[in-house]
Amino acid sequence: MWFANIENNINKADLIRAEEKKGPKRTIDIVQAGLARRYRAEGRFKLYGLGAIIISLLCLAVLFISIVGKGYPAFQQTFIQLEVFFDPAVLGHENLSSADFPGLVKSTLRNMFPDVTGRSDKRALYHLVSPGAAFQLRKMLLEDPGLVGKTVSVWVPADDDVDMLMKGHFDRNVSESGRRLNNKQLAWIDELSRQGKIEKRFNKIFFTSGDSREPELAGIGGAASGTIFTLVVTLILSFPIGVAAAVYLEEFAPKNRWTDLIEVNINNLAAVPSIVFGLLGLAVFLNFFGLPRSAPLVGGLVLTLMTLPTIIIASRAALQSVPPSIREGALGVGASKMQMVVHHVLPLALPGMLTGTIIGMARALGETAPLLMIGMVAFIVDIPAGFADPSTVLPVQIYLWADSPERAFVERTSAAIIVLLAFLMIMNAAAIILRKKFERRW
């Protein structure tokens, strides 16, 4: 026992001496021992990042494909060719604007299908053509009264149910009770197709008309005009005010607790929910100042309040990015502080200011909540001609159409979203072009 303990102690001593001969473990050995593990961790991190980007792009692609797939048919509309005889007996000669144009459309359809005699069949036949056909004939005759007594070939919009059938959204093979068009209507449509009197054409109505309760007559013309007027008001007010505020705070304002308080409030206002600005506009611009409700003027004022913090923050960041040597050089050659700011600092900070302004305008373009609060959710048929006329904007128009039950409004909602996204892409592209055009490197 005693001998075994001595032998173990000798073996341990030999091991210690062998380790001492090897010397202390170097840092490079420690690094190399964990290098492979760190490389594996870095590879996994890169894969996670690449996977996140791929998933994001896939989700974006699915969103765009879904919107475009539902919306692109709205850029076409089904039209029916009518041989209209402007019968003086129906129109009369006293007041053409109040003539019986719906009766003119009905008599034309009866002449095209003389075999239709039943009352219910006639109603079904009249349902093939949009109610807007009568307004189209009225407009034609008022522009050219010489059409009275003549027969004219006119392409008029078909009813939305006929349009959905021609675009393949309705199944003809289901039972008649499960279709919005009965068998006789399908037979009349087939006859029109055989004669070449029904076809799909580019839908100009979608871009030139205002809102309507009839899907085939509804368009974004009024909403697009209201959007443009609203953004013009926003730009005219927000850009000079935002830039002036940024220049004052960054170049002229003393650094004290008041300017610190102003800066904190500007940063906080940039994070305030947009509906709060709508409540402010409702209380101040409508209730206190009595400005017209649902007008681009009020919408522009509300969106100006919302975009000002964004423009001020972006403009201050652009001013801070100008090197101090520019200011020192201008002052060194005798320029005043105002001349230094106007002639040297502002031109160099302009690209960043323009970018921030366009980003703020793009945010304003997509806003709905503050405009709903000031009444721009109204049903507007006429296209606005000025800043004080009642109007709506594209996001609100999309909101209204999305709540409509008709199948034809689904594709028009998606088509309006496509137009809105096109506006946003144009504005973002303009921001990039302006930044590249005016940007200077030092």
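Reading guide: rules and limits
Residues numbered from 1 in each chain as written. Predicted model: local features only at pLDDT ≥ 70, side-chain atom pairs only at ≥ 80, totals over all residues. Heavy atoms only, no water. Helix = DSSP H or I, 4+ residues; strand = E, 2+ residues; numbered from the N terminus. Contact = heavy atoms within 4.5 Å. Axes fitted to C-alpha atoms, helices over the stretch in contact; angles between N-to-C directions. Parallel < 35°, antiparallel > 145°, perpendicular 65-115°, else oblique. Left-handed = near helix turned anticlockwise from the far one by under 90°. Nonpolar A, V, L, I, M, F, W, Y, C, P; charged D, E, K, R; others polar. Polar contact = N/O pair within 3.5 Å; in protein donor to acceptor, adjacent residues only side chain to side chain. Buried < 20%, exposed > 50% of the residue type's maximum accessible area, 1.4 Å probe, protein only. Pairing = 2+ DSSP bridges. Salt bridge = Lys/Arg side-chain N within 4 Å of Asp/Glu carboxyl O. Core = buried A, V, L, I, M, F, W, Y, C linked by side-chain atoms within 4.5 Å. pLDDT = per-residue confidence, 0-100. Patch = residues over 30% accessible without salt bridge, like charges linked within 9 Å, V, L, I, M, F, W, Y side chains within 5 Å. Areas by Shrake-Rupley, 256 points an atom, 1.4 Å probe, with all protein chains shown as cover. Lys, Arg positive; Asp, Glu negative; His and termini not counted. Charge placed at Lys NZ, Arg CZ, Asp CG, Glu CD. Expected span 1.5 Å × (residues − 1). Arc of directions from axis to C-beta.

Quick notes on the environment of His344
- Here His344 lies in helix H15 (residues 337-365).
- Spatially, the C-alpha atom of His344 lies 7.3 Å from that of Ala330, the residues being 14 residues apart in sequence.
- Apart from the residues lying within four places of it in its own chain, the contact partners of His344 are Ile326, Ala330 and Gln339.

As for the packing of helix H13 (residues 296-320) against H15
- One can describe the packing of H13 onto H15 by two numbers: an axis separation of 8 Å at closest approach and a directional angle of 150°. When the interaxial angle is binned, H13 and H15 end up roughly antiparallel. Between H13 and H15 lies a crossing of right-handed hand. Counting all contacts with H13, which are made through Leu303, Met306, Thr307, Thr310, Ile311, Ala314, Ser315, Ala318 and Leu319, the residues of H15 involved are Val345, Leu346, Ala349, Gly352, Met353, Gly356, Thr357, Gly360, Arg363 and Ala364.
- Classifying every residue of the contact of H13 with H15 by side-chain character gives eleven nonpolar, seven polar and one charged.

Observations regarding the side chain of Thr392
- Mapped onto the secondary structure, Thr392 falls in the loop between helix H16 (369-373) and helix H17 (394-402).
- A polar side-chain atom of Thr392 sits 3.0 Å from the main-chain carbonyl oxygen of Met376.
- In contact with Thr392, other than residues within four places in its own chain, are Gly222, Ala223, Gly226, Thr227, Met376, Ile380 and Gln397.

So, the pairing of strand S1 (residues 76-85)
- The element S1 is largely enclosed, with a buried count of seven among its ten residues.
- The pairing of S1 with strand S3 (residues 198-202) spans five bridges and is antiparallel. When the sheet's bridge partners are listed, Ile80 is paired in S3 with Ile198.
- With seven bridges joining them, S1 and strand S2 (residues 151-157) adopt antiparallel strand pairing. Counterpart to Phe85 in the pairing with S2 is Thr151.

Points about the pattern of salt bridges
- Taken as a whole and assessed by the stated rule, the structure comprises 13 salt bridges.
- In this structure, the salt-bridge partner of Lys184 is Asp121, at a minimum N-O distance of 2.8 Å. Highlighted residues: Lys184 in helix H8 (residues 183-195) and Asp121 in helix H5 (residues 119-126), separated in sequence by 63 residues.
- The class for Lys184 is partly exposed, based on a relative accessible area of 44%.
- In this structure, Arg194 and Glu191 form a salt bridge, with 2.4 Å as the shortest nitrogen-oxygen distance.

Regarding the nonpolar core
- In terms of nonpolar packing, the biggest core is built from 37 residues, with Phe206, Ile220, Leu371, Ile374 and Trp401 touching the most fellow members.
- Among the elements of the structure, helix H10 (221-252), helix H12 (274-288), H13, H15, H17 and helix H18 (407-438) are those that each provide at least two residues to this core.
- Sort the elements by how many residues they give to this core and H18 lands first, with eight residues.
- Not counting chain neighbours up to four residues away, the residues in contact with Ile374 comprise Gly278, Gly281, Leu282, Leu286, Arg293, Ser294, Val298, Gly299 and Val302.
- Of all hydrophobic cores here, the second largest spans 35 residues; its members include Leu96, Leu147, Val156 and Trp188.

Regarding the environment of Lys184
- Once the C-alpha coordinates of Lys184 and Ala133 are considered, the two residues, 51 residues apart in sequence, prove to be 21 Å apart.
- At 2.8 Å, the side chain of Lys184 forms a polar contact with the side chain of Asp121.

Observations regarding the confidence of the model for the protein
- For the protein, the mean per-residue pLDDT works out to 85, and 91% of the residues sit at or above 70.
- Mean pLDDT across the elements of the protein bottoms out in helix H1 (residues 2-22) (49) and peaks in S3 (92).
- Counting contacts from residues 18-23, a segment whose pLDDT is below 50, to residues more than four positions away or on other chains yields zero contacts.

Examining a positive patch on the surface
- A surface patch of positive charge is lined by Arg37, Arg38, Arg40 and Arg44.
- Examined against the element boundaries, Arg44 turns out to sit in helix H2 (residues 27-71).
- Taking the relative accessible area as the measure of exposure, Arg44 reaches 42% and is therefore partly exposed.

Considerations on the sheet that holds S1
- The strand order across the open sheet built from three strands is S2-S1-S3, with neighbouring strands paired in antiparallel fashion. Whereas interior strands pair on both sides, the edge strands pair on one side only; in this sheet they are S2 and S3. On average, each strand axis in the sheet is inclined to that of its neighbour by 40°, with strand direction left out of account.

Some thoughts on H8
- In this model H8 runs 19 Å from its N-terminal to its C-terminal C-alpha over 13 residues, within 8% of the 18 Å that 1.5 Å per residue would give.
- For H8, the full list of buried residues reads Gln185, Leu186, Trp188, Ile189 and Leu192. Axial view of H8: buried residues confined to an arc of 160°, hence all on one face.
- Of the surrounding elements, those touching the buried residues of H8 are S1, helix H4 (101-112), H5, helix H7 (160-166) and S3.
- Its side-chain oxygen 3.2 Å from the backbone nitrogen of Lys184, Asn182 forms the N-cap of H8.
- After H8 finishes, the residue Gly196 shows a positive phi value of roughly 75°.

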